[in-house]
Amino acid sequence: MRERAALSNAPEGYLDFHDEYAELIAELAALGLTPTQVLRRLNFLYPRINKKHLNYALNSGIWQFGPVTAEAPSYTVLACGLWYVFAEAYDLPPEPEYAALILDCDIIHDLPPALEARHFNSEDFATILAKIGATLKYLAAHPYSQLEEEAYAQTLEDIRQRGVKEIGTEGGSLYTLLASSMEGESAWPAPAQTVNDYLGDGDWSLGMLRTGIYPAEALENEWYIDATSVPEDFAPKTLSLFLSYCARYDREPTALNYGYWSTIPTLIEQVPPLGAVRAKFGSWQATLHRGRVQIARELRLWRRNEANEAAAEASAAESSAPEERELLNAELGNAELTEAELAELDIPEKSPADAPAEPARLSARELTEQGIGVVQTAHTDLAAYHRTQWEQTVKVFGERLAQLAWNRRLSTYYFFDGACLEDADPPPVVTVFRSPTGFLCELEPTAEALPAFDPEFLQEHGWRHPVPVHALWNLHALDPLEAAAAVIEAMRSGCGCERWDFYRTDDEDPLAEEVETDSV
């Protein structure tokens, strides 16, 4: 009966579509798929399918699709409900074009299925998403706009009352569905208490700050939301750190993830909140686009400078070579040979077979292990010698970081019991993760157990202490040499790793060469 009625009212040309796809749609429905899931699947697999006829088929009532149950709203869906209520509270008209341009992919992906489970149709999806776009556009232009907890609760009640009044009236379906959707444990938009608990961890102001809405207590907490609070180096300093954090912990760089990340206790007073970033750049999508371009420019500048330095060193070495040869020739020309030396010139050279084999050259470590005393090169300026060795350690480590591939890690180890122990297996002290936007350096948990561990030194030198969302001491740098210097400094002065010749990386090679032996 339903099929006959649907086919009799079908648009022109639908019958041919029905003959071709009806059996496939029936099998998908029997598998328990929802209309939205069928729509997405067929659009992907049959790109030339008639979209108008497909939408009609899925809404015709011919097929009984899988049961759709409304689950508790996710973090993203809760935030969308908050933004929708903001639009209702401020009586904002829908902004479909702005929504199409700036809404994060996670919103487009997560919200429609949640609305479908609450029996909203595709037109309702479009209206709600356009309303959310209107909120985000308004907040970008008016970052100091507020939504108090009481105002939020009152707006929910107004929506509910309007939905009750419009039951059975033409054009009242959206508010009727909203009123129905706000009932039960999986209510959407969620009650004020749920928003308070899940978005703000029990703090309404914190929930507003994370979603880009100005909280009433912002000034007394020194939370600044205007565009002027975003520094010019936001992209290379803050955005690059956030993007590396997302790459390291497999998170999407969405607006909501930035909003939450920016309220980490170690960052909340150091990085601009989401509302300020949106006010500065107009939208989160624009922030990502412009920021990535600026970060890429900084990285290209570093590579160019590195190439120029290498070329300058090569040129200097090449230009100094003729001068050194002239000095050597002059010294040889002015030298007078003794009679004994002249006599040695008349002795025929021994063939290679007659010459005694030159003993293998052993390092200081190998000689020590064989019980042979080693007299090492005397250094008249010991401080300068060690300073050079530390500089060499940083340089070699920086070169290894520069060669590290994206999304790969390099750990640094320290042999506290001596670097010559073959069976030593020390745990890593620092691990560096390279992302497309820089180097995220993290102290391993074992470092905190070291006797010389100094958290005050680390904080004074830019390291952030652990918090639940980022459980390791961490520091971020764009330049590999800057990252290498920070890691070596932290290990040397913050963890008690005081011997440059005891440092190793994953490849087990030392970061500085051992001193040459002088005599035995």
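Being a predicted model, the structure only gives us computed values, none of them experimental.

Conventions and cut-offs
- Residues numbered from 1 in each chain as written.
- Predicted model: local features only at pLDDT ≥ 70, side-chain atom pairs only at ≥ 80, totals over all residues.
- Heavy atoms only, no water.
- pLDDT = per-residue confidence, 0-100.
- Helix = DSSP H or I, 4+ residues; strand = E, 2+ residues; numbered from the N terminus.
- Contact = heavy atoms within 4.5 Å.
- Salt bridge = Lys/Arg side-chain N within 4 Å of Asp/Glu carboxyl O.
- Buried < 20%, exposed > 50% of the residue type's maximum accessible area, 1.4 Å probe, protein only.
- 1 Å grid on protein atoms, 1.4 Å probe; cavity = no way out; pocket = protein on both sides within 12 Å on 5 of 7 lines; lining within 4 Å.
- Points joined across faces, edges and corners; volume = space filled by probe spheres on them.
- Nonpolar A, V, L, I, M, F, W, Y, C, P; charged D, E, K, R; others polar.
- Pairing = 2+ DSSP bridges.
- Axes fitted to C-alpha atoms, helices over the stretch in contact; angles between N-to-C directions.

Per-residue confidence for the protein averages 83 on the pLDDT scale, and 78% of its residues sit at or above 70. Ranking the helices and strands of the protein by mean pLDDT puts helix H5 (residues 75-89) first, with 96, and strand S7 (residues 517-519) last, with 31. Ignoring residues within four places in sequence, the model shows residues 344-353, a span with pLDDT below 50, making one contact including any to other chains. Throughout residues 514-520 the model reports pLDDT below 50, and contacts reaching past four residues in sequence, or to other chains, amount to 24 contacts.

What follows covers the pattern of salt bridges. One pass over the full model with this rule turns up nine salt bridges. Where Arg162 meets Glu166, a salt bridge forms, and the shortest distance between an N and an O atom there is 3.0 Å. The class for Glu166 is buried, based on a relative accessible area of 17%. A cluster of three or more residues bridged by salt bridges with shared partners is formed by Glu157, Arg160 and Glu183.

Further remarks concern the layout of surface pockets. Rolling a probe over the atoms, with the probe sized like a water molecule, indicates the empty space that remains. What the largest pocket holds in volume is close to 480 Å³. Considering the residues around the largest pocket, the lining is formed by 16 residues, among which Pro35, Thr36, Glu116, Ser122 and Phe125 are closest to the centre. For the lining of the largest pocket, the secondary structure elements donating two or more residues are helix H3 (35-45), helix H4 (51-58), helix H7 (105-116) and helix H8 (122-141). The element best represented in the lining of the largest pocket is H3, accounting for four residues. Classifying every residue of the lining of the largest pocket by side-chain character gives eight nonpolar, six polar and two charged.

All right, on to the sheet that holds strand S6 (residues 503-505) then. What the five strands build is an open sheet, ordered S5-S4-S3-S2-S6; its pairing is antiparallel. Only two strands of the sheet have a single partner each, and these edge strands are strand S5 (474-477) and S6. Sheet twist, expressed as the mean angle between neighbouring strand axes with direction ignored, is 20°. By the bridge criterion, six bridges tie strand S2 (residues 408-414) to strand S3 (residues 428-435) in an arrangement that is antiparallel. Bridge pairing links Leu410 to Val432 in S3. Where helix H13 (residues 234-248) meets the sheet, its contacts fall on S2, S3, strand S4 (438-443) and S5, and the angle it forms with S4 comes to roughly 65°.

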